[in-house]
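Single-letter residue listing:
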Amino acid sequence: MKRRPVYMRLLIILCGVLLGPGWLGAEGLQYSLNGVRFNHALLSGIPVPTGIDAGLRIPTKKDGLFFDVRLAGGYQDRHILRDATTGAILLTPSFDGIQWFYWPNIEVDAGVAFRSTAAGSDGARWLEFFAMGRARYEKNSQTLPTALFSDANGLFSLSFMAGVGGETVVQSADGAKQGIEAELSFEYGPKGLDFLGGTDFSRGTIKLAGYKPLYSSATDRTDGFALYAAGFLAADYADGYRIPLYVLTSFGGRQIRDGLGDSVRGYRSWGYEAATKAEASLELRAVGPALFHVAGLRPMAYVFGDAGYYGRLYKCTIPENQGFLFSSGFGVALDIFDYVYLGVRAGYKFPFADPLDAEYFPSGDRFFWDFSFKLHF
């Protein structure tokens, strides 16, 4: 029998203590690797894996009730693209250790979830209610004043989240997806549990994704060609006396999604510190036959269109306090066992309704390209 690492055994024991005697099921532990975190400053823009996002689901003796633990973080890099005194938009063309800095961070989520599975669906259709606590630590820029962002130097705080999610997504033998998945969540970070950096906020987030097969010529798991459409919507609204940077530059939920500057491809990462934001993406994906007759290795190609909206920019000095973002393009990738999607993508952005684009890209650049390590959604 394979021995579990020491930290996993300690985590299981801790869960047993929290849930009380007799609650833990003997079998059925579920491990998940949700993603890899990267550092773009160590090798001059080349993404280097320096972190992880992983989860552990522990069943109890009550059908459908689970205890969830998630650990995410790493030694990454990040930007604070605002003047700490005036709130004006700033550029960081090179690593300076002040506006663009190394960013050690860690997040630990723990809570319970109750899942109801449709009869006869083999787990493919489910509805789940969840409640959890979130502890988050960040070491941010050590020299910036904190008048604008109270967590500019660092953050250590606790928040609480509850919500509901569901899924009907299945994947066919040829690699095409079909179904929908959705999540609605509410997060609250109360004053008094802000041990470093200061937090006092609440936010609600909704996410929705859908997939529709359009064509398939496959006769088994390794040959043929598939074409399917994919769509994604997300909206995020935050309020409070002190909204931390990670809330302003992300979409919430159990798995935090990158903010508007990444969700609408081609725009400024870590920019758009907005308390209100939304984005929508559409893709047409083509999946080719397996390489070397290995079902877990498939070439992919896709075209995409993204749109986004932001409002209520946090303490920003420009008169325009909202805008719209649009971009489109294409990409190719190698699907490696439905986890890593190694590829490249390129596109063109249409910032005619975005007053911040001239601040982030004064040269007027509209064409973009980059490497990709996962699907956009």
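Given the structure is predicted, the values throughout are model-derived calculations rather than measurements. (Residues numbered from 1 in each chain as written. Predicted model: local features only at pLDDT ≥ 70, side-chain atom pairs only at ≥ 80, totals over all residues. Heavy atoms only, no water.)

Draft legend 1. Up close: the environment of Ala295. Positionally, Ala295 belongs in the loop between strand E14 (274-287) and strand E15 (297-313). Taking C-alpha positions, Ala295 is 9.8 Å from Asp335, a pair spaced 40 residues apart along the chain. Ignoring any residue separated from it by four or fewer positions in sequence, one finds Ala295 in contact with Arg221, Thr222 and Ala290. (Helix = DSSP H or I, 4+ residues; strand = E, 2+ residues; numbered from the N terminus. Contact = heavy atoms within 4.5 Å.)

Draft legend 2. Inspection of the packing of aromatic side chains at higher detail. A complete count under the given rule lists 19 aromatic pairs for this structure. Judged by centre distance (5.4 Å) and plane angle (35°), the ring pair of Phe156 and Phe195 falls under tilted. Of the two residues, Phe156 sits in strand E6 (residues 154-167) while Phe195 sits in strand E9 (residues 194-196), which places them 39 residues apart along the sequence. These aromatic residues form a ring-pair network of at least three members: Tyr75, Phe95, Trp100 and Tyr102. Lying over the aromatic face of Trp103, Arg78 brings its terminal NZ or CZ to 5.4 Å of the ring centre. Residue placement shows Lys349 over the ring face of Tyr267; its charged tip is 5.2 Å from the ring centre. (Phe/Tyr/Trp six-rings, centres within 6.5 Å; stacked < 30°, edge-to-face > 60°. Lys NZ or Arg CZ within 6 Å of the ring centre and 35° of its normal.)

Draft legend 3. Up close: the pairing of strand E10 (residues 200-216). Direction of pairing for strand E8 (residues 177-189) relative to E10: antiparallel, over a ladder of eleven bridges. Bridge pairing links Gly179 to Tyr211 in E10. Summarising the sheet, E10 and strand E11 (residues 226-242) pair through 16 bridges and their orientation is antiparallel. Along E11, the bridge assignment pairs Ser216 with Ala226. (Pairing = 2+ DSSP bridges.)

Draft legend 4. Spotlight on unusual backbone geometry. Here the phi dihedral of Tyr272 falls at roughly 60°; this positive angle occurs in a residue that is not glycine. Take Tyr272: it is sitting in the loop between helix H3 (260-263) and E14. You can call Tyr272 buried: its relative accessible area is 0%. Located in the positive-phi region is Lys315, a residue other than glycine, with phi close to 50°. By the element assignment, Lys315 lies in the loop between E15 and strand E16 (322-336). (Buried < 20%, exposed > 50% of the residue type's maximum accessible area, 1.4 Å probe, protein only.)

All we've got here are geometric facts, nothing functional implied.
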